[in-house]
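Listed below, chain by chain, are the residues.
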Amino acid sequence: MYSIIVVPPPTTEDEHSGTYGDAHGGTYGAKRTGTQIRLAPGERLAFGRSANGNGLAIAHEGVSRNAGEITAQGAFWVLSNLSAHQTYVVENPEGAGEHIKVGPGRLDAPVPFEFARIVLPAAGDLLPIEVWAPRHDYLRSPEGLDGATTTPAFSVDRTKRYFAVLAALCEPRLRGEPHAPLPTVDQVVERLRPHWPAASRTSVQWNIDYLAVKLRLKPGPDTADTGPRLNGKKESLISLALRFDLVREDDLLVLTEPTSRAAR
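Residues numbered from 1 in each chain as written. Predicted model: local features only at pLDDT ≥ 70, side-chain atom pairs only at ≥ 80, totals over all residues. Heavy atoms only, no water.

*Asks:* What exactly am I supposed to notice about the overall build of the protein here?
*Replies:* Within the protein one finds four helices and 12 strands. Expressed as a percentage of its 264 residues, the buried residues of the protein come to 38%. In the protein, of all internal contacts separated by at least 6 residues, the share reaching a separation of at least 24 is 55%. Only carbon and sulfur atoms are counted for the fraction: they give 51% of the accessible area of the protein, which is about 15200 Å². (Helix = DSSP H or I, 4+ residues; strand = E, 2+ residues; numbered from the N terminus. Buried < 20%, exposed > 50% of the residue type's maximum accessible area, 1.4 Å probe, protein only. Contact = heavy atoms within 4.5 Å. Areas by Shrake-Rupley, 256 points an atom, 1.4 Å probe, with all protein chains shown as cover.)

Next up, the structure:
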């Protein structure tokens, strides 16, 4: 069963399907289908400028002859950087700028992203290799456990207006612009007004303040210590919401549907 899919950088020629050899004379068994290479758990894919011993040859003078290796590990994969001087960056295209760096000579660095893009710096160019890990393994929880249920870390109601405000704040980065500037309060008002005609700067700002308390970024007004002033409140809310999947791309539907009057 294949668990990892590798999409090579664009090339001008289609390569034939087949089984690829490793740098030590063995075979990996990686299967190429069209422009995709599929790896089963335990299989490895070497890549580099040299076609000799690499399952994925990248014809660019700025790429090391033996540049690296991808190894499938069940539902995830690891990356080895075999170059002597170049650091590779692995980006999360769906995230808000999340990435990891794999330094020269680092072996078996685990990659936590379901969809990832390896960026190879190559003599002034940045070459992308996309890697997908679509296999999901889940724990089957036993039924009938005794005791109280676990309190959720973050409790949000997706039918409330405060959630629509949070979704509007997160929308630019969820639309594939991880470094998009923060929406202004006026922009959030305009985004919400078609389905919330009474939206105003005051009501949107009230909901932002409410979210900061609800998501525990700031103590509530009824506490003795209200804490220091929270600078960058919108940035903190967006970062928290995206990091813990409080708002996902599917949730942007709330921006096209009327919201509840609760939590103004």
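*Asks:* Would you take a moment to explain the nonpolar core for this structure?
*Replies:* General note: in soluble globular proteins, nonpolar side chains tend to be found buried as a group. Among the nonpolar cores identified, the biggest contains 31 residues, and Val-165, Leu-166, Cys-170, Leu-192, Val-204, Leu-215 and Val-247 are the most heavily contacted of them. Broken down by element, this core gets its largest block of residues, 10 residues, from helix α1 (residues 161–174). In contact with Val-165, other than residues within four places in its own chain, are Val-188, Leu-192, Trp-196, Val-204, Asn-207 and Ile-208. With 28 residues, the next largest nonpolar core counts Ile-4, Leu-39, Leu-127 and Ile-129 among its residues. (Core = buried A, V, L, I, M, F, W, Y, C linked by side-chain atoms within 4.5 Å.)

*Asks:* Would you mind going over the pairing of strand β8 (residues 88–91) with me for this structure?
*Replies:* Each regular strand carries side chains that alternate between the two faces of the sheet. Here β8 shows a clear split, with Tyr-88 and Val-90 buried on one side and none of Val-89 and Glu-91 buried on the other. Summarising the sheet, β8 and strand β9 (residues 99–102) pair through four bridges and their orientation is antiparallel. Residue pairing across strands places Tyr-88 opposite Val-102, the latter belonging to β9. The pairing of β8 with strand β11 (residues 115–122) spans three bridges and is antiparallel. In the sheet register, Val-89 faces β11, and the bridge partner there is Val-119. (Pairing = 2+ DSSP bridges.)

*Asks:* Explain the environment of Pro-181 here, please?
*Replies:* Counting through the fold element by element, Pro-181 comes out in the loop between α1 and α2 (185–192). When the C-alpha positions of Pro-181 and Glu-235 are compared, they lie 9.6 Å apart, and in sequence the two are 54 residues distant.

*Asks:* Help me out: how do you make sense of the pattern of salt bridges in this one?
*Replies:* The full count for this structure, using the stated rule, is 12 salt bridges. With a closest N to O distance of 2.8 Å, Glu-171 and Arg-191 form a salt bridge. Of this pair, Glu-171 sits in helix α1 while Arg-191 sits in helix α2, and the two are 20 residues apart along the sequence. Counted as one network, the salt bridges with shared partners bring together Glu-171, Arg-175 and Arg-191. (Salt bridge = Lys/Arg side-chain N within 4 Å of Asp/Glu carboxyl O.)

*Asks:* Where do I start with a negative patch on the surface in this structure?
*Replies:* A cluster of like negative charges, contributed by Glu-94, Glu-114, Glu-249 and Asp-250, occupies part of the molecular surface. Judged by its relative accessible area of 65%, Asp-250 is exposed. (Patch = residues over 30% accessible without salt bridge, like charges linked within 9 Å, V, L, I, M, F, W, Y side chains within 5 Å. Lys, Arg positive; Asp, Glu negative; His and termini not counted. Charge placed at Lys NZ, Arg CZ, Asp CG, Glu CD.)

*Asks:* I would appreciate a short explanation of unusual backbone geometry in the present structure.
*Replies:* Residues other than glycine predominantly adopt negative phi, and peptide bonds predominantly adopt the trans conformation. We note that Ala-123 has phi near 50°; this positive angle belongs to a residue other than glycine. Of note in the backbone geometry, Asp-245 takes a positive phi value of approximately 60° without being a glycine. You can see Asp-245 is positioned in the segment after α4 (233–243).

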